[in-house]
Amino acid sequence: MQIRVETLTDYPAIADLLLAAFEQGEEAHLVEKIRLSDRYIPELTLVAEKEGVVVGHILFSYIDLVGAETLPVLGLAPLAVHPKYQQQGIGSALVQAGLAKAEERGEAIAIVLGHPSFYSRFGFEPSVAYGIESPFPVPAEFFMVTFLQPERQGYPGKVIYPSAFASL
């Protein structure tokens, strides 16, 4: 398996993958909207490829953490692995590769709305423990944060997602 940055020629395969993984078109539309926005980070949008086939995809884009000031932070969404390739470590490899690239870039914080049993393996913790508020009415343990720059741990606030996420 190879993990690499997505390219323009991957877009149709990624759209098909997202449809297979989520069984609806909202995530594919979300990815398209993010790509067209100033929140898109090409270096942090990765695919997993097996034998020339895109089998996994992860996207980190900028969202805002609003407290005393507005801090752009990373939002991890979506993460998808084709159903035929799930439970093989592909999602984990994508998260690890994405977080490593984000840390190399000097990004401070990554936030995810997801399953604690999966994301806690990568250092994500409930955001409420750090005074970071979810914009969604979800159980606290599902809205999580990890600090890529430890000095950013003392920055409380509310997360605001860009308009691209409004349709989810």
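Residues numbered from 1 in each chain as written. Predicted model: local features only at pLDDT ≥ 70, side-chain atom pairs only at ≥ 80, totals over all residues. Heavy atoms only, no water.

*Asks:* When you look at the overall build of the protein chain in this model, what are you seeing that I'm missing?
*Replies:* Broken down by element type, the protein chain carries four helices and nine strands. Since a compact globule built from 168 residues should have a radius of gyration of about 15 Å, the 15 Å found for the protein chain is in line with a globular shape. Looking at the protein chain residue by residue over its 168 residues, the buried ones come to 46%. If you take every contact in the protein chain between residues at least 6 apart in sequence, the share linking residues at least 24 apart comes to 67%. Put simply, the protein chain shows about 8,300 Å² of open surface, and 53% of that area lies on carbon and sulfur atoms. Here the protein chain carries 11 positive and 20 negative side-chain charges, and the mean point of each set is 2 Å from the other. (Helix = DSSP H or I, 4+ residues; strand = E, 2+ residues; numbered from the N terminus. Rg over C-alpha atoms; globule rule 2.2 N^0.38 Å. Buried < 20%, exposed > 50% of the residue type's maximum accessible area, 1.4 Å probe, protein only. Contact = heavy atoms within 4.5 Å. Areas by Shrake-Rupley, 256 points an atom, 1.4 Å probe, with all protein chains shown as cover. Lys, Arg positive; Asp, Glu negative; His and termini not counted. Charge placed at Lys NZ, Arg CZ, Asp CG, Glu CD.)

*Asks:* Sorry if this is basic, but what is going on with the layout of surface pockets here?
*Replies:* Of the voids in this model, the largest pocket is the one considered here, and its volume is about 870 Å³. Every residue lining the largest pocket is counted, 30 residues in all, and those nearest its centre are F22, L79, G114, H115 and Y119. For the lining of the largest pocket, the elements supplying multiple residues, two or more each, are α1 (11-22), α2 (26-35), β4 (70-81), α3 (90-104), β5 (109-113) and α4 (116-119). When residues of the lining of the largest pocket are assigned to their parent elements, the largest contribution, six residues, is made by β4. Looking at the lining of the largest pocket residue by residue, the classes come out as 21 nonpolar, eight polar and one charged. (1 Å grid on protein atoms, 1.4 Å probe; cavity = no way out; pocket = protein on both sides within 12 Å on 5 of 7 lines; lining within 4 Å. Points joined across faces, edges and corners; volume = space filled by probe spheres on them. Nonpolar A, V, L, I, M, F, W, Y, C, P; charged D, E, K, R; others polar.)

*Asks:* Before we go on, may I ask you to explain the nonpolar core in this structure?
*Replies:* Side chains of nonpolar character tend, in soluble globular proteins, to be buried together. Among the nonpolar cores identified, the biggest contains 29 residues, and L65, I109, I111 and V159 are the most heavily contacted of them. Looking at this core, the elements with two or more residues in it are α1, α2, β2 (40-50), β3 (53-66), β4, β5 and β8 (143-147). Each residue touching I111, except ones within four places of it in the same chain, is listed here: I63, V73, L74, G75, L76, F124, I132, F143, M144, V145, V159 and Y161. In terms of nonpolar packing, the next biggest core, distinct from the first, is built from 24 residues, L46, Y62, L74 and A110 among them. (Core = buried A, V, L, I, M, F, W, Y, C linked by side-chain atoms within 4.5 Å.)

*Asks:* Please clarify how unusual backbone geometry should be interpreted in this entry.
*Replies:* Where the residue is not glycine, phi is negative for most of them; where a peptide bond is considered, it is trans in most cases. Residue P78 is reached from A77 by a cis peptide bond, and omega for that bond is -5°. Summarising the element assignment, P78 is placed in strand β4. Phi is positive for E51, which is not a glycine, with a value near 50°. Locating E51 in the fold gives a position in the loop between β2 and β3.

*Asks:* What am I meant to see in the side chain of D10 here?
*Replies:* Note on placement: D10 falls in the loop between β1 (2-5) and α1. Accessibility expressed as a relative area gives 5% for D10, which makes it buried. Setting aside its immediate chain neighbours within four residues, D10 contacts R4, V5, V47 and V54.

*Asks:* What's the story with the pattern of salt bridges in this structure? I'm lost.
*Replies:* Any two side chains of opposite charge can pair, so long as their charged atoms come close to each other. With the rule as written, the count across this model stands at seven salt bridges. Salt-bridge contacts for R4 lead to E49; the nearest nitrogen and oxygen are separated by 2.9 Å. Separated by 45 residues along the polypeptide, R4 in strand β1 and E49 in strand β2 bring together distant segments of the chain. Judged by relative accessible area, which is 15%, E49 ranks as buried. E43 serves as the salt-bridge partner of R105, at 3.1 Å between the closest nitrogen and oxygen. Residue R105 is found in the loop between α3 and β5, and its partner E43 is found in strand β2; the two are separated by 62 residues along the sequence. Relative accessible area serves as the criterion here: at 37%, R105 is assigned to the partly exposed category. Within the structure, one salt-bridge network assembled from shared partners comprises R4, D10 and E49. (Salt bridge = Lys/Arg side-chain N within 4 Å of Asp/Glu carboxyl O.)

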